[in-house]
Every structure is written in C-alpha cells, then in structure tokens.
Amino acid sequence: MDSDIHHTDVAIIGAGPVGLFAVFELGMLGIDCHVVDALDAPGGQCTALYPEKPIYDIPGYPEIMAHDLVGKLLEQIKPFAPVYHLGQQVTGLETVDGGDWLLTTSMGTRIEARAVILAAGVGAFGPNRPPLDGIDAFERQPPGTGVHYFVTRREDFRDRRVVIAGGGDSAVDWALALAETAASVAVVHRRDRFRAAPESVRRLRELADSGRIEMVVPFQLHSLEGEGGRLDGVIVSDLDGNQRRLAADALLPFFGLHQDLGPIADWGLNLHRHHIVVEPSTCAAGLSGIFAIGDVAEYPGKLKLILTGFSEAAMAAHAIFTLVRPGEALHFEYSTTKGVPGGVLGGAKTPTAT
Ligand code: FAD
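Parameters at a glance
- Residues numbered from 1 in each chain as written.
- Predicted model: local features only at pLDDT ≥ 70, side-chain atom pairs only at ≥ 80, totals over all residues.
- Heavy atoms only, no water.
- Near = heavy atom within 4 Å.
- Polar contact = N/O pair within 3.5 Å; in protein donor to acceptor, adjacent residues only side chain to side chain.
- Areas by Shrake-Rupley, 256 points an atom, 1.4 Å probe, with all protein chains shown as cover.
- Helix = DSSP H or I, 4+ residues; strand = E, 2+ residues; numbered from the N terminus.
- Nonpolar A, V, L, I, M, F, W, Y, C, P; charged D, E, K, R; others polar.
- Core = buried A, V, L, I, M, F, W, Y, C linked by side-chain atoms within 4.5 Å.
- Buried < 20%, exposed > 50% of the residue type's maximum accessible area, 1.4 Å probe, protein only.
- Contact = heavy atoms within 4.5 Å.

1. Focus on the site of the ligand
Around the ligand, the structure places 31 residues, and the nearest of them are Asp-37, Tyr-50, Asp-57, Val-90 and Asp-295. Asp-37 has a polar side-chain atom sitting 2.7 Å from an oxygen atom of the ligand. A distance of 2.8 Å is found between an oxygen atom of the ligand and a side-chain nitrogen or oxygen belonging to Asp-295. Considering the ligand on its own, with 1,000 Å² of exposed area, one finds that the protein chains cover 86% of that surface. Contributions of two or more residues to the shell around the ligand are made by α1 (17-28), β2 (33-37), α2 (44-48) and β9 (124-127). A per-element tally of the shell around the ligand places α1 first, with three residues. Tallied by class, residues from the shell around the ligand come to 17 nonpolar, 10 polar and four charged.

Structure, rendered in structure tokens:
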C-alpha cells in the first residue's frame, strides 16, 4: 500500500451543499469519505455566490441564510469526521487494481477510493478576472484589502474604502451590504443600466442620491495603484479616455464566475450539455463505482434545487453501500431508529424499536 495515498471508502468531489450532505448519508451507513473542493471553503455556490442571501425552500427552515445552511450542514456531518482537501481541484481520475479509483488533485494529493461521488455543481469555480496589468500582485491579500472576487463577511470591509466593479446582482447586492459598514463605496460600471433585481437597483440609486454610495458610470477599470501588494487607488476611464482616480483599500470586481467541468469532461462519462447523465434511482454515472449528484447530475425532469440534491445523496449512498460492503446486508433504517454517532443533540441516541 502506497503510504502517500489516502485510502477511503468514498471520495466526494465537491463540497457544495449536496456533497456535504452526502457525507451524512454515507456516514449513517458506516461509510467513510474524503471531500475535495477547488474552493478554499466548503459550501459551493452558497458560499461563493450568495452567502448572505436567504433561502426559503429548505424543508424545515422557513428562511435560512446560505452561509448558515452551510454551517448547519458542517455541524450535521461533524460526527462522521470527513477528511477535507480544500483549495485543490481534482485533475485526474483513473482505475487501479481491484476496481478502486485513484483521484489526483492540482496539489498532488492522491486518494484511492472504492467509489466516487461527483457533486461538482457545474464545475470548479473561477472568477472572471479583469485584464489589468499587475493585478495578481494585489490578489490573495488579507480580506478587506487588495483585490477579491468573493466576499464572505461584510465585517472584513468595515471602515475600508471599497471600489466595486460590475453591473449584476453581486455588484449591486454587495454595494448595498457594504454601504452599511465600509468607509466609502464606489460602484464602477460601463453604463448607467444595471442587470440586477429592480428593487436592489432602486435602493442603490437611493443610497447614491443620499451620498452613501458613489456611482462611477459610465466608466471601466483602467489600472491599479499601490505598493508591495497593498492597494491604494483604482484608475478608471470613460469611453473618451478621460481618467479618474478612486482612493481604494479594496477592489471587488464582480464580472461573473466561469465554471467549467474541466478535467471531469475527459473522464469518459456520458455528458449532456456540461452535465453528467445518471440513472435516476441510484445516480450511477455509467462507470462502475462513479456516481453524480446535485446540480451536475442530469435525468429527465431534474430540478436543480438543493433539496433535490439532498435526496440524490441518500439514493447514491444506499447504492454505494453494496459496493463498499460487499456481502453485507443493507437494512433500511430511519435516523430516528439508528441515531447519530456521538449524538448531535448531545449524547448517543438510544435506538428505539419501530
Ligand atoms: P455546487 O454548490 O455548485 O458545489 C459544487 C462544488 O464542486 C463547487 O464548490 C466546486 O468548486 C466544486 N468542484 C467542481 N469541480 C471540481 C473539481 N474538479 N475539483 C474540486 N472541486 C470541484 N437552490 C435552492 O434550492 N433554493 C434557492 O433558493 C436557491 N437560490 C440560489 C440563488 C443563487 C444566486 C444561486 C446562484 C443559486 C441558487 N440555488 C438555490 C441553487 C443552489 O445553490 C444549487 O442547486 C446548489 O448549490 C447545488 O449544490 P451542489 O453541491 O450540487 O453544487
């Protein structure tokens, strides 16, 4: 056995809400797993795209903020002690002796698993970066300073001079949110029309009228100023080449995210328009031991919702049991009967008769 290789029952590609819930469903069947994600933090789209937006269609929660849902999922799966490999993309997947799968990541991590669950959404996330000279020197700075493509906590920007670029929902929503805490907020957009929700645009203009937000339109990003990775100013220019300098500690360009399946597209799976076609009752993806759940999985009538993905996680976990525990009988049991190791609500639950 190669000691550099992690060995586990199941490798989950994607730590979005659906990948996280798969840890729970597998754990309830006594199946261990490792979870890999290209992002530095778990939560997938909930963390990267809308952490502070409320979700209204999670059963049992009339309203829950996306980042709170991720927090609850992490709490729910803690008893199963999954091993996380974050900030690394799975780049290779190959079969090895005995029918196992070997995953390789962009950081050289290798994981051998009996089964693989692809909970990859619509692929690994990457921001659309503005083509500005030397921008990389200002990236990966501490939150609140430099160039950032995601915001997870508005508190990081308290008392900072923030320049936001873009005209979609993310740009407008974060301008509204940061106007409450930042020292100043300037919104740079190449035209005076925004593609965000009308109510949000109305509030943006209201805050601009009151002087809380500065609208810098129609302007585009031109260059960045600062020393040693510390941003100090953003130069913008209009279509006639007229330039302005905006004092800034942080620049938040919201030009969308590109998502692509990347290497997953080369693994011989049955793809349809960037999604993996699965057998709906098990989420099996056509290659023995490979399953796909959540946004990445496709079958007739598929609804791309978190709750759909949760159900797919349960079906895939049950289908995987016979692969990782051959010869063992799988008895369907309710969680109320089984309890959870360690007991999430304090102490191991006592199994009750049904
Ligand atoms: P994702 O959340 O997309 O996570 C997939 C993860 O896989 C990503 O973190 C990605 O980095 C990772 N990944 C992909 N490929 C690789 C690789 N090769 N290596 C490593 N990591 C990889 N749904 C609802 O049900 N209700 C709502 O109200 C709702 N509101 C939404 C609002 C917005 C603004 C958006 C954008 C979406 C909303 N959704 C909502 C949709 C919901 O967020 C998705 O259905 C859900 O996130 C899908 O979860 P997932 O785990 O399948 O994939």
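Next comes the rest of the description.
2. Concerning the nonpolar core
If you look at the biggest cluster of nonpolar residues, it comprises 41 residues, and the most contacted ones within it are Val-10, Ile-12, Leu-26, Ile-117, Ile-293 and Ile-320. Elements with a contribution of two residues or more to this core: β1 (5-13), α1, β2, α3 (66-77), β8 (110-118) and α6 (306-324). Element by element, the count of residues in this core is highest for α6, at nine residues. Here Val-10 is in contact with Leu-26, Ile-31, Asp-32, Cys-33, His-34, Ala-113, Ala-115, Ile-117, Ile-320 and Val-324, once residues within four sequence places are set aside. Leu-103, Ile-111, Leu-118 and Val-296 belong to the second-largest nonpolar core, a separate cluster that totals 24 residues.

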